Structure formats: C-alpha cells, structure tokens
Amino acid sequence: AEGGVRGRRRGASLRAIGCVACVAAVVAATARAGDVFDDKLYTAEGGAACYSLFTAAEGRWGCATPKEGVGGVLRWITSYQDLLDFRAEETTTRYTLLMEPAFLGGGATNTLPQGLADLQGASGHLAGVVLMDVKPAFWSPGPAAGAPWARSGDYVWNPAALDWLSTDVGFPVVMVNASTAARLRELAVDNAARGGAYPQHAVRFDYYMGPPSLTSLTCLDAGQCLPLGGQSVWGTIGDLKEPDAVGAEDVVLLAAGMDATALFHDRATGGAAAASDIVAMMAAVQALSRAAVNVTALPRRVAFALFQGEKWGRVGSRRWLQEVQHFTCGTYQPAAKSPTGKRYCKGPLRTDLTFRKLSLARLAHVLAVDQAGSALHAGGAAFLHLDAGVSNTTDIAAVVVAAAAASPPQQLRVRTPPRAPSVPPSPVDSFLDANATVSAGVLTPYSYYYSNHYVDGFGDDAANANANNIEAMATLLARSAYALATGLPPAEAAAAVDAVQGELTASRPLIDTMLHCLLVDSACAYFQDAVGLSRDELATITGGGPLSLYTGVYTQPYNVGNGFKLQPTVIEQVVRQFLGAVTARAPGRNCTTTAQCKRHDITTECMLGRCVDSTVHFHDALSPALLSTRYLNAYSVDPDALADPHADPLFTEPYWSVNVGMRTYVASSPSAGGWMLAAGVAATVAAVAATIRFDKFATEKYRIA
C-alpha cells in the first residue's frame with residue numbers, strides 16, 4: 001500500500017512536470033518567434049516627433065498614441081484631391097498618410113483650411129501622419145495673436161498662423177528627412193500598385209505619453225512629468241550699486257527671449273526669431289562694452305537679459321520679476337564657504353543674488369527686440385511698438401527715434417506705428433504686468449504684423465535669418481540703449497550717440513559666426529570653447545546640425561556640500577560665456593578651466609579663455625506658480641499664482657519612454673488574425689495531447705496505479 005502511494009505521488013509529479021514542460025516549450029517558441037518577427041518585420045525609422053505637453057487646466061497639448069500604439073497602411077498623398085478623397089472614404093482600414101506639409105496649410109494652391117483639425121474628421125481611419133521635410137511657402141503653426149497669453153489680446157500679429165500649438169492633436173505626427181521620405185514613398189507606391197491587396201506596407205507609431213486624463217497638476221503629483229524651464233541669462237555692463245548706496249543708478253534694460261517652439265521641438269531653431277534675437281543682443285552688448293564707448297560713465301547703468309521659456313507663458317521674465325520684487329532667502333551660504341567667493345542662497349537655492357539690488361523703481365526704460373532677422377518693412381525702417389495704455393512712453397520713443405536719426409544714412413530709421421492694444425508678445429508684456437506705468441517698447445523689423453512667414457515653424461531656419469537685418473537691428477539696439485542711458489533730452493542724446501557711433505556698430509563677423517553655429521553647425525569651434533567640450537562630445541548633445549532652441553524641461557539646481565550643482569543647456573552656457581567675457585571689467589590671466597582662475601582669485605571663473613569676475617548671471621526660469629520643496633524635482637503649486645489671469649498654463653512635459661518611435665512593417669490581411677488564433681488553438685491542443693501521451697507513457701513505464 002505504501003509503495004502504491006509513492007507511485008501515485010511520483011506519477012502525479014511526472015504528469016505536472018510534463019504539462020509544465022510542454023506549456024513552457026510552447027511559450028518559449030512563441031517568445032522566440034515574437035523576437036524574430038520584431039527583428040525581421042519591424043524597421044525603426046528616424047524622425048522628429050510632434051510635441052507632447054500637459055497644461056494645468058486643459059490637459060494634453062500636442063500628439064500621443066494609446067499605450068498599445070497605433071498603426072496603419074502607408075498611403076502617399078500626392079495632391080489636395082487625394083486628401084479630400086481620403087477624408088470622404090468609409091473604410092475599416094486604418095491608414096498612415098505620407099505627404100508634404102503644404103497640403104495641411106502651407107501655401108499650396110489648395111490646403112485644408114484648418115490643417116490638422118480638418119483631419120480629425122477622418123480620425124476613424126487615420127492612424128497618423130508622416131510629413132516630408134519640404135519647406136512650403138509658409139508654415140507658422142503658432143497662434144494668430146502671437147501667444148495665447150499676449151497682452152494685446154486677439155490682435156492678429158501673425159496672419160499666417162495655423163494655430164496648432166495649443167490643442168490636443170489627437171493622432172501622431174512625425175517629420176522625416178529626405179532619405180526616409182524617399183524610402184517610405186517607394187513603399188507607398190508599392191501598396192498602390194497592389195490595388196489594396198495584402199500584404200501591405202504599414203507604419204506603426206509608439207508615442208504613449210500617459211493617460212489622456214493627465215494634467216500638469218496630476219502628472220507632477222505622480223512624478224510622471226517635469227515643468228518646462230531652464231536658466232535665463234542677465235547682467236550689467238559694470239557693477240550694479242546697492243539700491244541705498246550713494247549714486248545708485250537707474251537702469252536701462254535690453255531684453256529678448258532666447259527660446260523657440262515648433263510643432264516638432266527638434267526643429268525649433270527660430271532662425272529669424274529667437275536665434276536672430278540672441279545674436280542681435282550679443283552684438284549689441286559687445287558694441288556697448290567697447291572701451292571707447294565708456295558706457296559705464298553714463299548716468300544710467302545698462303543691463304541686459306535673455307529670458308528662457310518666453311514661448312511658454314514668459315516663465316523666464318515673470319520669474320525674474322517676481323523675485324526682483326519679492327524674493328526671500330531662508331538660508332544663506334556665506335562668502336567664506338562659497339565656491340564662488342560670494343554669498344548665495346541655499347534655500348531656496350539661488351546661485352547669485354545680484355538681482356536683489358534691482359527694483360521696479362530703478363528701471364528707467366525697458367527695450368526689447370523681437371524677430372531681428374525677419375524681413376524689414378517696405379521702406380527699410382524699424383518699428384518701436386508701445387503700449388496703448390501707457391502714457392509715459394513719449395521719452396523712450398523720442399530718444400530712440402532721435403538716436404536712429406543720428407546714425408549714418410545706411411542705418412535704420414525708426415517709426416512708431418499706430419498702436420495696437422499693446423506691444424507684440426515679448427518680455428515687455430511681463431514688465432507691463434508688473435508695473436503698468438513702466439516706460440517700455442519693443443523694436444522690430446515688422447510693423448502691424450509679422451513679416452516672418454515661418455514663426456514657430458520648422459521653416460524658420462538659416463535661410464530665413466537675414467544677417468544684414470540682424471546687423472542693422474543690433475546696431476540700432478546698442479545706439480538706443482546708449483542714448484537712453486545718457487538720461488538726456490532727445491536732441492542731446494542723439495548728439496552723444498553721434499560722437500561714438502563708429503564704435504557703437506555691431507560686428508558682422510560675430511553675427512556670421514553665431515548664425516552659423518546656431519543654425520548650421522551646433523558643434524562648431526566657438527561653442528566647443530564656450531562649453532569646454534570636444535566636437536564629438538558636443539555633437540552627441542546637440543546633434544551637430546542646427547541647434548534646437550526649445551526650452552526643454554527644467555533641470556533643478558541642487559546643493560552639494562558647501563557648493564551647488566547647476567546644469568545649464570548649451571545655448572545658456574554659450575550666451576553667458578560670451579556676455580561675461582565681453583563685459584568683463586578687467587580680464588585677467590589666460591585659462592582653460594575655472595579651477596586655474598580660482599587658485600589666484602576665488603571670485604573669478606574662466607570665460608572664453610580669460611579669468612573674469614563676471615557681472616553676468618544665471619537666473620531660474622520656472623513658472624512662478626511652482627514652489628520648490630526639499631525634494632529634488634518635486635514642487636508644490638501656489639494656487640493664487642496659477643489663478644492670476646496673466647499666469648502661464650503651467651506647462652509640463654512627460655517622461656519619454658526609451659521605446660517611443662516610428663516603425664515600418666508588413667501588414668497581413670485582417671483575416672490573418674483568424675489564422676493566428678487558429679494556430680494558437682492548435683498549439684494548445686498539441687500541448688494537451690502531448691501531456692496525455694506523456695501521462696500514458698509514465699503510467700506504463702512506472703506502473704502507476
């Protein structure tokens with residue numbers, strides 16, 4: 001009896017082992033087949049993906065796919081009629097459309113009036129869109145008002161606007177280069193030649209960015225996203241005195257944004273816009289810093305600021321102004337223990353406190369520049385835009401116009417066009433929000449509306465940035481700042497400019513070099529020197545081609561022992577290095593690293609090869625509605641700041657999976673699914689039969705009762 005029990009136990013064990021072995025064999029074979037199919041049937045395709053962001057109130061803006069991805073048969077749209085035919089079809093087959101951007105609203109003879117929004121009507125059979133990198137006659141996906149939060153309200157600054165950057169697109173969109181487009185076109189032509197017969201070439205999109213119910217608030221709380229932001233760069237030519245010091249000067253501030261946007265953030269180069277404004281500001285500050293100009297002897301101090309995140313609710317200028325007015329430090333790091341040799345704030349971390357010397361009352365004038373590389377208005381004049389509700393802008397207008405008139409004949413004249421409700425979208429909006437009576441204006445090459453037909457689009461590239469216009473705008477900016485800093489009436493200020501106008505001229509070699517680095521080769525030698533990396537190292541970060549000026553997510557600085565860790569982007573480093581070097585009071589010894597400088601003077605750092613005690617600083621560019629906590633990348637939200645009518649929508653970007661991307665594959669007939677199911681059932685039946693046979697074998701072999 002005891003032996004019979006042992007036999008039955010052994011038999012049960014063998015049956016279990018046999019069953020598990022058969023099932024494991026089936027699973028392993030299926031897994032191996034899946035790996036083989038993935039390798040053989042799917043081909044990864046490169047491309048620039050449509051943006052994907054969250055806001056606090058409206059949730060997702062941009063593109064995404066379901067968690068399981070989405071795919072569709074590849075179809076080449078060769079004409080506007082093709083697109084209309086597709087939209088009118090009634091079919092259960094999903095398609096991926098390959099087309100030129102022009103058919104969606106880029107200047108073709110016929111385009112969908114609402115572009116991407118019009119394709120929503122076909123969403124039942126639209127898997128996604130692949131756009132060829134073909135520059136249309138215009139391509140400006142931003143809003144007509146220039147920005148959704150502009151003080152000028154619904155005034156149409158951008159008549160070419162497609163208004164695609166503040167909506168949930170509803171399907172994936174990817175832009176591919178010429179070689180990828182050519183390969184996909186061949187596949188689509190092959191599909192058409194088959195007349196709809198399977199197999200068909202298809203495209204699969206995997207861009208899952210979280211559930212559609214997410215908002216900035218819920219994704220931040222869940223740790224699934226980060227806020228947009230970075231580091232603004234600001235400074236002064238000469239030291240800024242304490243506000244209560246004898247002879248404390250008022251300030252003339254030059255300002256611009258330093259970021260761009262586009263439907264595809266990898267292509268947000270901002271050629272005639274942000275890139276040109278950065279270059280114009282650099283050239284203007286360089287001209288003002290020349291020894292012969294002696295701008296530090298003027299009654300007013302010249303300051304400058306390139307604000308990060310201006311395309312995303314002006315977070316750079318709004319955060320800077322908020323802290324100029326209200327910043328409170330909880331814990332200071334004394335100069336004796338500081339790696340910079342200067343006191344800074346450890347909590348909340350602010351690596352430089354010079355901004356506390358400023359106040360709104362010290363700002364005599366604010367002068368911004370916008371789209372410096374755009375086409376000039378007919379007649380070759382620049383325009384100074386003023387706010388219709390501010391009465392004390394007479395002085396700034398008269399002085400700037402007079403300063404321009406003092407220039408040689410080939411330089412720009414300045415006009416003040418009839419006023420729109422307010423200035424064009426720019427950092428000046430933030431200053432007017434903070435102080436409605438501030439004397440402020442925006443210098444532009446355009447008059448009543450943008451002359452740049454590629455604002456916020458991939459077409460705003462090197463070919464769209466006019467170096468001659470940048471040179472003229474930079475010279476005008478420098479001379480205007482000088483005239484305003486004299487504090488003199490218009491005629492006398494113009495005479496002062498005339499006396500130094502030879503020095504107050506933008507450097508064309510600098511402009512050409514910077515445009516090349518920004519819009520052609522972001523791993524150029526100048527950028528290598530600025531960030532201290534080799535060409536290969538820099539190309540790994542930037543891609544080596546045109547530099548995307550998309551703000552990106554905010555990389556929070558943090559304390560490390562008696563120091564701190566700050567991680568500015570390439571463009572933020574380049575701008576501060578250049579401005580710090582050209583405004584240096586008395587550059588010291590040659591250097592290759594900051595450590596070499598600090599051996600002799602702890603307050604100095606290495607900037608473009610010289611030891612410098614810099615008056616140029618980084619400043620956090622982050623939504624004023626976000627408050628730092630003691631945990632890295634964790635924030636609390638100030639509901640009052642978020643409720644402010646001029647507040648940003650609190651933009652955040654989800655963490656991107658390493659598995660996102662676009663792949664081509666061969667799609668079988670829909671009936672193939674039935675065959676796969678049948679194969680699965682057959683495999684299961686075979687496994688059961690094998691188990692029964694093994695059971696019989698074990699029973700006979702071991703004489704199991």
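Structure: above.
What counts and what doesn't
- Residues numbered from 1 in each chain as written.
- Predicted model: local features only at pLDDT ≥ 70, side-chain atom pairs only at ≥ 80, totals over all residues.
- Heavy atoms only, no water.
- Helix = DSSP H or I, 4+ residues; strand = E, 2+ residues; numbered from the N terminus.
- Buried < 20%, exposed > 50% of the residue type's maximum accessible area, 1.4 Å probe, protein only.
- Contact = heavy atoms within 4.5 Å.
- Areas by Shrake-Rupley, 256 points an atom, 1.4 Å probe, with all protein chains shown as cover.
- Disulfide = S-S within 2.5 Å.
- Pairing = 2+ DSSP bridges.
- Patch = residues over 30% accessible without salt bridge, like charges linked within 9 Å, V, L, I, M, F, W, Y side chains within 5 Å.
- Salt bridge = Lys/Arg side-chain N within 4 Å of Asp/Glu carboxyl O.
- Axes fitted to C-alpha atoms, helices over the stretch in contact; angles between N-to-C directions.
- Core = buried A, V, L, I, M, F, W, Y, C linked by side-chain atoms within 4.5 Å.
- Polar contact = N/O pair within 3.5 Å; in protein donor to acceptor, adjacent residues only side chain to side chain.

Now for the overall build of the protein. In terms of helices and strands, the protein carries 19 helices and 29 strands. Out of the 705 residues in the protein, the part that is buried amounts to 53%. Partitioning the intrachain contacts of the protein with sequence separation of at least 6 by distance along the chain shows that 79% fall at a separation of at least 24. A total of about 29500 Å² of accessible surface is found on the protein, and carbon and sulfur atoms cover 54% of it.

Bringing the state of the cysteines into the picture now. One pass over the full model with this rule turns up six disulfides. With cysteine numbering restricted to those in disulfides and following the sequence, the protein has the pairing 1-2, 3-4, 5-6, 7-8, 9-11, 10-12.

Before going further, it helps to spend a moment on the pairing of strand 25 (residues 616–622). Across the seven residues of strand 25, seven count as buried, placing the element largely inside the fold. Across the two faces of strand 25 the burial is the same, with V616, F618, D620 and L622 and H617, H619 and A621 all buried. As defined by bridge partners, strand 11 (residues 229–236) adjoins strand 25 across seven bridges and the pair is classed as antiparallel. Following the sheet pairing, V233 is matched in strand 25 by F618.

On the surface, Y558, V560 and L632 cluster together into a nonpolar patch covering about 270 Å² of accessible area. Here L632 is to be found in the loop between strand 26 (626–628) and strand 27 (635–637).

Next up on the list: the sheet that holds strand 5 (residues 70–76). As summarised here, the arrangement of the eight strands in space is 1-29-9-5-6-7-8-2, forming an open sheet in which the pairing is mixed. Two strands close off the open sheet at either side, each with one partner strand: strand 1 (43–45) and strand 2 (48–49). Running over the sheet, helix 2 (residues 80–88) touches strand 5, strand 6 (95–99) and strand 7 (126–132) and is turned about 165 degrees from strand 6. Here helix 5 (residues 178–193) sits on the sheet and contacts strand 1, strand 5, strand 6, strand 7, strand 8 (173–176), strand 9 (200–206) and strand 29 (661–667); the angle it forms with strand 5, its principal contact strand, is near 85 degrees.

Within this structure, the stated rule accounts for 24 salt bridges. With a shortest N-O distance of 3.0 Å, D133 and R267 are connected by a salt bridge. Residue D133 is found in the loop between strand 7 and strand 8, and its partner R267 is found in the loop between strand 12 (251–257) and helix 7 (271–288); the two are separated by 134 residues along the sequence. Residue D133 is classed as partly exposed on the basis of its relative accessible area of 35%.

A few words now on the environment of G309. Mapped onto the fold, G309 is located in the loop between strand 13 (301–307) and helix 8 (315–326). Overall, G309 belongs to the buried group, its relative accessible area being 1%. In sequence terms G309 and D259 are 50 residues apart; their C-alpha atoms lie 6.1 Å from each other. Once you skip the residues sitting within four places of it in the chain, G309 turns out to touch D259, R314, V315, G316 and T551.

Here we take up the sheet that holds strand 14 (residues 331–333). One open sheet holds the three strands; their spatial order is 14-15-16, and the pairing between them is antiparallel. Strand pairing shows two members of the sheet lacking a second neighbour, strand 14 and strand 16 (349–350), which therefore form its edges. Note that strand 15 (residues 344–347) and strand 16 share two bridges and pair antiparallel. Within strand 16, the position partnered with C345 by the bridge is R350.

All right, on to the side chain of R319 then. Within the fold, R319 resides in helix 8. Judged by relative accessible area, which is 5%, R319 ranks as buried. Those residues within four positions of R319 in sequence are excluded, and the remaining contacts are R350, H619, D620, L622, S623, P624 and L626.

Counting residues in each nonpolar core, the largest one holds 125 residues, and the members touching the most others are V173, L288, F527 and L579. In terms of residues, this core owes the most to one element, helix 11 (residues 467–486), which gives 13 residues. Among all residues touching L288, those that are not within four sequence positions of it are I237, L254, V293, V295, V302, A478, A481, Y482 and L504.

This next bit is on the side chain of T65. Note on placement: T65 falls in the loop between strand 4 (59–62) and strand 5. A polar atom in the side chain of T65 sits 2.9 Å from the backbone nitrogen of Y207. In this structure the side chain of T65 is engaged in a polar contact, spanning 3.4 Å, whose partner is the backbone nitrogen of Y208. Ignoring any residue separated from it by four or fewer positions in sequence, one finds T65 in contact with V70, P172, F205, D206, Y207 and Y208.

Shape descriptors only; they carry no functional weight alone.
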